[in-house]
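Working through the structure, step by step
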Amino acid sequence: MPKSIQIKRSSASSDISAWHVLTLDDFARYNQSVRNTNRESIDTVYSVIEKQSGRVTTRHIEKQAGLDIGSVRYAIKYLTKEGKIQRVKGLGTHKIEFYYKVC
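Residues numbered from 1 in each chain as written. Predicted model: local features only at pLDDT ≥ 70, side-chain atom pairs only at ≥ 80, totals over all residues. Heavy atoms only, no water.

**Focus: the pairing of strand 4 (residues 96–102)**
We count it as follows: DSSP calls a pair of strands paired once it identifies at least 2 bridges connecting them. Helical segments are the DSSP runs of H or I of at least four residues, strand segments are the runs of E of at least two, and each set is numbered from the N terminus.
Pairing of strand 3 (residues 85–91) with strand 4 involves seven bridges; the strand directions are antiparallel. Within strand 4, the position partnered with Ile-85 by the bridge is Val-102. Joining the antiparallel neighbours strand 3 and strand 4 is a turn of four residues.

**Some thoughts on helix 3 (residues 69–82)**
Definition in use: Multiplying 1.5 Å by the helix residue count minus one yields the expected span of that helix. Here the term buried applies to any residue with accessible area under 20% of the maximum for its type, exposed to any over 50%, and partly exposed to those in between, with areas from a 1.4 Å probe on protein chains only. In this context, the arc is that of the directions from the helix axis out to the C-beta atoms.
Look at helix 3: 20 Å from first C-alpha to last across 14 residues, which is about the 20 Å you get at 1.5 Å a residue. For helix 3, every residue scored as buried is listed here: Val-72, Ala-75, Ile-76 and Leu-79. The buried side chains of helix 3 occupy one side of the element, clustering within an arc of 100° when seen end-on. Of the residues in helix 3, the exposed ones pointing more than 90 degrees away from the buried face are Arg-73, Lys-77 and Lys-81. Downstream of helix 3 by one or two residues, Gly-83 has phi in the positive range, about 85°.

**A few points about the packing of aromatic side chains**
Note the cut-off: For Phe, Tyr and Trp, where Trp contributes only its six-membered ring, two rings pair if their centres lie within 6.5 Å, and the inter-plane angle classes them as stacked under 30 degrees, edge-to-face over 60, or tilted in between. The criterion for a charge sitting over a ring is simple: Lys NZ or Arg CZ within 6 Å of the ring centre, and within 35 degrees of the ring normal.
Counted under the stated rule, the structure contains zero aromatic pairs. Over the face of the ring belonging to Phe-98 we find Arg-87, whose NZ or CZ atom lies 3.7 Å from the ring centre.

**Some thoughts on the nonpolar core**
Defined as follows: Here, the term nonpolar core denotes a set of buried Ala, Val, Leu, Ile, Met, Phe, Trp, Tyr and Cys residues that are joined through side-chain atoms within 4.5 Å.
Counting residues in hydrophobic clusters, the biggest one holds 13 residues, and the most contacted among them are Val-45, Ile-49, Val-56, Ile-61, Ile-76, Ile-85 and Tyr-100. Elements with a contribution of two residues or more to this core: helix 1 (24–51), helix 2 (58–65) and helix 3.

**What about helix 2?**
For helix 2, the set of buried residues is Thr-58, Ile-61 and Ala-65. Projection of helix 2 onto a plane perpendicular to its axis shows the buried side chains occupying an angular sector of 55°, all on one side. Those residues of helix 2 that are exposed and angled more than 90 degrees off the buried face are Arg-59 and Lys-63. Within two residues after helix 2, Gly-66 carries a phi angle of roughly 75°, on the positive side.

**Overview of the packing of helix 2 against helix 3**
Helices that pack against each other are described as a pair by the angle of their axes relative to one another and the distance between those axes. Operational definition: Every angle, taken between N-to-C directions, lies between 0 and 180 degrees, and every axis is a line fitted to C-alpha atoms, over only the stretch in contact when it is a helix. Each crossing is labelled by how the near helix is turned from the far one, with a counterclockwise turn of less than a right angle marking it left-handed and a clockwise turn marking it right-handed. Contact between two residues is taken to exist if any of their heavy atoms lie within 4.5 Å; hydrogens are not considered.
Where helix 2 contacts helix 3, the two axes come as close as 10 Å, and the packing angle between them is 115°. The chirality of how helix 2 crosses helix 3 is right-handed. Contacts between helix 2 and helix 3 involve Thr-58, Ile-61 and Glu-62 from the first element and Ile-69, Val-72 and Ile-76 from the second.

**Examining the environment of Gln-86**
Mapped onto the elements, Gln-86 comes out in strand 3. Gln-86 sits in the partly exposed class, given a relative accessible area of 37%. Residues Gln-86 and Cys-103, spaced 17 residues apart in sequence, show a C-alpha to C-alpha distance of 6.1 Å. Apart from residues lying up to four places away in sequence, Gln-86 is in contact with Tyr-99, Tyr-100, Lys-101 and Cys-103.

Structure (structure tokens):
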């Protein structure tokens, strides 16, 4: 397995100075920053669900937590898998909606 990967910064430039060498330490730092971001979003989503347990939908979580839909879905999936929250089917204003509550 190679210890480093070469990535070209810009496709317009063809000289050798446009290449940047990424090491395994760079990947480790990136993975750590992603984990910290995911952990913060998971904690934020859990606190919102805990405050309004049983009557909060994904849209409410997005608005209150200030996160994008991808982060909210990831956090809900993680928390459901861990058994910390439960998905409950309920009646909304025009259709069936899913609410989340703390187990």
